[in-house]
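Report on the structure
In case you want the letters, here they are:
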Amino acid sequence: MIELNADIGEGYDDASLMPYLGRVSIACGGHAGDVDSMTAALRLAGKYGLAVGAHPSYPDRPNFGRLVLAATAADIMGWVTQQIEALAEQAARQGLRLAHVKPHGALYNTAAVDPEIAQAVARAVAACNPALVLVGLSGSRLIEAGRAVGLGVLNEAFADRRYQSNGQLVSRETAGAVLDDPDVAARQARSLALGTGVPTLEGVTLQLVADTLCLHSDTPNALNIAQAVHAALNRG
């Protein structure tokens, strides 16, 4: 079965999703997260034997990291490095090691299309630990940048988000961008896993490489979605 992942440590019900996941990305101070929440998320992931990674973002808690901040490549590298190191420190105290890095929100989406930002993120990750895997939007600039600096990469696709025909995610501000119907999300997850393509906002079928599928703990019906997706992926 294709791996499922989720972003956690953001103040939502993470525990209920754990039995369905193989990997989690933990908020580490940019858009959300502090020592207590990181420690709790790490302990929870450790209990279920999940791969753990950092979920760095623009440092913008008021907007949950969902707005693009004016920043240089050096700024991006500094922010990403600081957040990875913050989580790595807490992980070490729990006897855990980070396995990957996945940017959050606006940083994730910007790095998907902007080569300079993608390179800054990838260089920061490689400088922290070249053994870390970089998780990014399938086929994006971030995936290219990760490969260019010698990192392992995971092409990520989304069970609970709608796509544009260019492979980018539909903005959360657009009606229907979030798939909160468990059956719809399950069908999309199965199509991604089988490589049969998914319908886009424009009505065309999009083919994507999917190494890992993301679920969101803040999506309405998150637990029901996780259960439906897991069941769909386990069907023969």
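Everything below is about the structure printed above this text.
Residues numbered from 1 in each chain as written. Predicted model: local features only at pLDDT ≥ 70, side-chain atom pairs only at ≥ 80, totals over all residues. Heavy atoms only, no water.

**A look at the pattern of salt bridges**
Heads up, the condition is: Salt bridges are identified by distance alone: a Lys or Arg side-chain nitrogen within 4 Å of an Asp or Glu carboxyl oxygen. Each helix is a run of H or I in the DSSP string that is no shorter than four residues. Each strand is a run of E no shorter than two, and both are numbered from the N terminus. Throughout this description, buried means an accessible area under 20% of the type-specific maximum (1.4 Å probe, protein chains only), exposed means over 50%, and partly exposed covers the range between.
Taken as a whole and judged by the stated rule, the model has six salt bridges. Its salt-bridge partner being E156, residue K102 comes within 2.8 Å of it at the nearest N-O pair. Placement of K102 in the loop between β4 (100–101) and α3 (105–113) and of E156 in strand β6 (residues 152–158) is noted, with a sequence separation of 54 residues between them. The exposure classification of K102 matches that of E156, with both residues buried. The partner of E144 in a salt bridge is R141, with the nearest N and O atoms 3.7 Å apart. Of this pair, E144 and R141 both sit in helix α5 (residues 141–148), three residues apart, roughly one helical turn. A relative accessible area of 40% places R141 in the partly exposed class. Here the salt bridges do not stand alone but share partners, grouping D7, K102 and E156 into one network.

**Things to note about the pairing of strand β2 (residues 23–27)**
We apply this condition: If DSSP finds at least two bridges between two strands, the strands pair. Handedness of a crossover is defined as follows: with both strands directed away from the viewer, a clockwise route from the first strand across the helix to the second makes it right-handed.
Among the five residues of β2, five are classified as buried, and the element is accordingly described as predominantly covered. Where burial is concerned, the two faces of β2 agree: the one with R23, S25 and A27 and the one with V24 and I26 are both buried. Note that strand β1 (residues 3–8) and β2 share four bridges and pair parallel. Within the sheet, the bridge partner assigned to A6 lies in β2 and is V24. Note: β2 against strand β3 (residues 51–55), five bridges, orientation parallel. When the sheet's bridge partners are listed, S25 is paired in β3 with G53. The parallel pair β2 and β3 is bridged by helix α1 (residues 35–48), and the resulting crossover is right-handed.

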